[in-house]
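Close look at the chain arrangement
Each chain, written out:
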Amino acid sequence: MNRGFTAEIYLNAISHNLKVIKDISRNLPVIAVVKADAYGHGAVKISGRLINDGVEYLAVAFTEEAKELRDAGINIPILVLFDPDAEDIFKYSLVPVISDKKTAVVLSKEAERRNTALNVHIKIDTGMGRLGLTGDPVKEILEIAGMKGINIEGVMSHFSEADIKDESFARMQIASFNSVRKELLQKGLNIRLFHIANSAAVEALPESHFDAIRPGIMLYGYSPVLTSNSQLIPVMTVKAKISALRRLPAGAPISYGRTFVTKRESLIGVMAAGYADGLSRRFSNNAEVIVRGRRVSVVGRVCMDLTMIDLTDIEHVEEGDEAVIIGRQGNESIDAAELARRADTIPYEILTSIGYRAKKVYY
Ligand SMILES: *Cc1c(COP(=O)(O)O)cnc(C)c1O
């Protein structure tokens, strides 16, 4: 029997969110970020829908993620953000992001050996402090441009804030990116795609859009911008099954550490999902789920595979009923942003933690 921990993925919401993004960015090319299994939504299915909707470029974190997409028959360009593996880059026709000259040298040699040319994107560090050329990026890019078998299709950078609270720092990053861009164009380099905009910048900083945008979280229905009034729709609904119902007297301790004790005679439901499923232990006594259209509280510590909820005020609840962890039921809704606030994290982590583990069903 299915234990009922499922992530329902609504592909129409992906299409809708892509349209919102397209409208904001006046139809610029979208490099759709589908790393981490499309933020837990399933990269193959999500990519398929995006391609159907006209997306012409995907981005993943690691080469092995790109291999999975190629093996599933996806044949549009895929940017590999973080670990260009020379062998596989050629074997699977991938586009590596190059963050240092020595990687460029390796890829150039491999291209020569194969008697072919490779499209690459070069990353410059404008303030993220993670990867990318520092120092004199123009000089290094010119050197890389001179290497045999290397065709620089794009130059990119990344914002150091996913929500761009500090616009002045983001503007400094844009200015420094733009000055490199201008210099390269002046020097006659024919580079097609300059890109820096993550979701927050897509929404909040139109001057960052350049030739293409690189949204991730927006595709999945969440705005990183707190003051956003965008019309995004969450793509993932998460449900668990109530596998047992127990009537307990007042004064009954619930779960590890007895951090919750019933104050009245209570009906306690046991949900078949726990922190091994990505429901953070931080939700202990600190989250709600929706049962029969009403919000109920998580009581006691979240366990590895089980979580208790207080159903005392719900009428007609039965074993086997569903509990909505993320999603909408009746007039109530809970999203990953609410869970993120409770767990002191960001929706990205909630979606990837749960999405990786839940059985996914596509609609
Ligand atoms: C993850 C990532 C993105 C997408 O960021 P969102 O905030 O999800 O839009 C874009 N570019 C790079 C380099 C990334 O690592």
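Residues numbered from 1 in each chain as written. Predicted model: local features only at pLDDT ≥ 70, side-chain atom pairs only at ≥ 80, totals over all residues. Heavy atoms only, no water.

A word on the sheet that holds strand β8 (residues 193-195)
Note: strands within a sheet are paired through backbone hydrogen bonds, in either parallel or antiparallel orientation. Under the convention used in this document: One requirement defines pairing of two strands: DSSP has to find at least two bridges between them. Going along the chain from the N terminus, every DSSP run of H or I of four or more residues is numbered as a helix, and every run of E of two or more is numbered as a strand. Throughout, an axis means a line fitted to C-alpha atoms (over the contacting stretch in the case of helices), and angles, computed between N-to-C directions, take values from 0 to 180 degrees. Any two residues whose heavy atoms approach within 4.5 Å at even a single point are treated as in contact.
In spatial order, the strands read β2-β3-β4-β5-β6-β7-β8; together these seven strands make up an open sheet with parallel pairing. A strand with exactly one partner marks an edge of an open sheet, and here the two such strands are β2 (31-33) and β8. Within this sheet the neighbouring strands show an average axis-to-axis angle of 30°, counted without direction. Pairing of strand β3 (residues 57-62) with strand β4 (residues 78-83) involves four bridges; the strand directions are parallel. By the bridge assignment for β4, Ala 59 is matched with Leu 79. Seen against the sheet, helix α4 (residues 63-71) touches β3 and β4 and runs at an angle of roughly 135° to β3.

Topic: the pattern of salt bridges
The test is simple: Each reported salt bridge corresponds to a side-chain nitrogen of Lys or Arg within 4 Å of a carboxyl oxygen of Asp or Glu.
Inspection of the entire model under this criterion finds 26 salt bridges. Salt-bridge contacts for Lys 239 lead to Glu 8; the nearest nitrogen and oxygen are separated by 3.0 Å. Placement of Lys 239 in strand β9 (residues 236-248) and of Glu 8 in strand β1 (residues 6-9) is noted, with a sequence separation of 231 residues between them. When salt bridges with common partners are traced through the structure, they connect Glu 288, Arg 295, Glu 332, Glu 338 and Arg 342 into a single cluster.

Focus: the site of the ligand
To keep it simple, the criterion reads: Summary of the distance rule: residues count as near a molecule or strand when at least one heavy atom falls within 4 Å of that molecule or strand. Contacts described as polar in this section are N or O atom pairs within 3.5 Å, which, within protein, must combine one atom able to donate a hydrogen with one able to accept it, while residues neighboring in sequence count only if both atoms come from side chains. Each accessible area is a Shrake-Rupley result for a 1.4 Å probe, and residues are judged covered by the shown protein chains and nothing else. Site definitions follow a grid-based scheme: protein atoms alone, a 1 Å grid, a 1.4 Å probe that fits but cannot get out for cavities, and for pockets an open set with protein on both sides within 12 Å along at least five of seven lines, plus lining residues having an atom within 4 Å of a point. Think of it this way: if more than half of a molecule's atoms are within 2 Å of a pocket's grid points, that molecule is in the pocket or cavity. Gly is placed with the polar residues, together with every amino acid not listed as nonpolar (Ala, Val, Leu, Ile, Met, Phe, Trp, Tyr, Cys and Pro) or charged (Asp, Glu, Lys and Arg).
Lys 35, Tyr 39, Ser 199, Ile 217 and Tyr 348 are the nearest of the 15 residues found near the ligand. In the environment of the ligand, an oxygen atom lies 2.6 Å from a nitrogen or oxygen atom belonging to the side chain of Ser 199. Within the contact set of the ligand, a nitrogen atom lies 2.9 Å away from a side-chain nitrogen or oxygen of Arg 214. Surface burial for the ligand is 96%, taken as the share of its 390 Å² of free accessible area covered by protein chains. Applying the majority rule of atoms within 2 Å of the grid points places the ligand in the second largest pocket. Elements represented by at least two residues in the shell around the ligand include exactly α2 (35-40) and β4. Residues belonging to the shell around the ligand are distributed by class as follows: seven nonpolar, four polar and four charged.

Let's talk about the domain arrangement of the protein chain
Note on interface size: it is often stated as the accessible area lost on association of the parts. Applicable threshold: Domain segmentation is taken from an automatic or database assignment of domains. Note: buried area is the sum, over both parts, of the accessible area (probe 1.4 Å) each one loses when the two are combined.
Entries for the protein chain in the domain assignment read domain 1 (11-220) and domain 2 (236-362). For domain 1 and domain 2, the distance between their C-alpha centroids amounts to 38 Å. Across the boundary between the two partners, domain 1 contributes ten residues, which contact eight residues of domain 2. Across the domain 1/domain 2 interface, buried area totals approximately 960 Å², and carbon plus sulfur atoms make up 70% of it. Interface area lost by domain 1 to domain 2 is led by Gly 40, His 41 and Ile 217, which between them contribute 45%.

Re the pairing of β3
Put simply, the rule is: The rule is simple: take the accessible area with a 1.4 Å probe, protein chains only, and divide by the maximum for that residue type; under 20% is buried, over 50% is exposed, in between is partly exposed. With strands facing away from the observer, any crossover in which the path from the first strand over the helix to the second runs clockwise is taken as right-handed.
Burial of β3 is extensive: five of the six residues sit out of reach of the surface. The sheet contact formed by β2 and β3 spans three bridges and is parallel. The residue bridging Ile 31 from the neighbouring strand is Tyr 57, located in β3. You can see the chain leave β3, run along α4 and come back into β4, and the turn it takes is right-handed.

A look at the layout of surface pockets
This is how the line gets drawn: Grid points are joined across faces, edges and corners, and a volume is the space filled by probe spheres set on the points.
When its volume is computed, the second largest pocket comes out at roughly 350 Å³. Along the walls of the second largest pocket sit 22 residues, with Lys 35, Tyr 39, His 158, Asn 198 and Tyr 348 positioned nearest its centre. Sorting the residues of the lining of the second largest pocket by element identifies α2 and β4 as the ones contributing at least two each. Looking at the lining of the second largest pocket, its residues break down into twelve nonpolar, five polar and five charged.

Some words on α4
How we decide: Note that the arc is defined by the directions from the helix axis to the C-beta atoms.
Here α4 has its buried residues at Thr 63, Glu 65, Ala 66, Leu 69 and Arg 70. All buried residues of α4 project into a common sector of 155° when viewed along the axis, lining one side. Projecting away from the buried face of α4 at angles above 90 degrees are the exposed residues Glu 64 and Asp 71. If you follow the buried residues of α4, they end up packed against α2, α3 (43-52), β3, β4 and α5 (86-91). Gly 73 sits one or two residues past α4 and shows a positive phi near 95°.

Concerning the nonpolar core
Across soluble globular proteins, you tend to see nonpolar side chains buried next to one another. Worth spelling out the cut-off: To qualify as a nonpolar core, a set must consist of buried Ala, Val, Leu, Ile, Met, Phe, Trp, Tyr and Cys residues joined through side-chain atoms within 4.5 Å.
Judged by nonpolar contacts, the single largest core of 119 residues is most densely connected at Ile 141, Val 291, Ile 309, Leu 311 and Ile 325. Per-element tally for this core: the top contributor is helix α1 (residues 11-24), with six residues. Setting aside chain neighbours within four positions, we find Ile 325 in contact with Phe 5, Val 238, Lys 239, Ala 240, Met 271, Leu 279, Val 289, Ile 334 and Leu 339. Counting nine residues, the second-largest nonpolar core is a separate cluster that includes Ala 252, Ile 268, Val 270 and Met 308.

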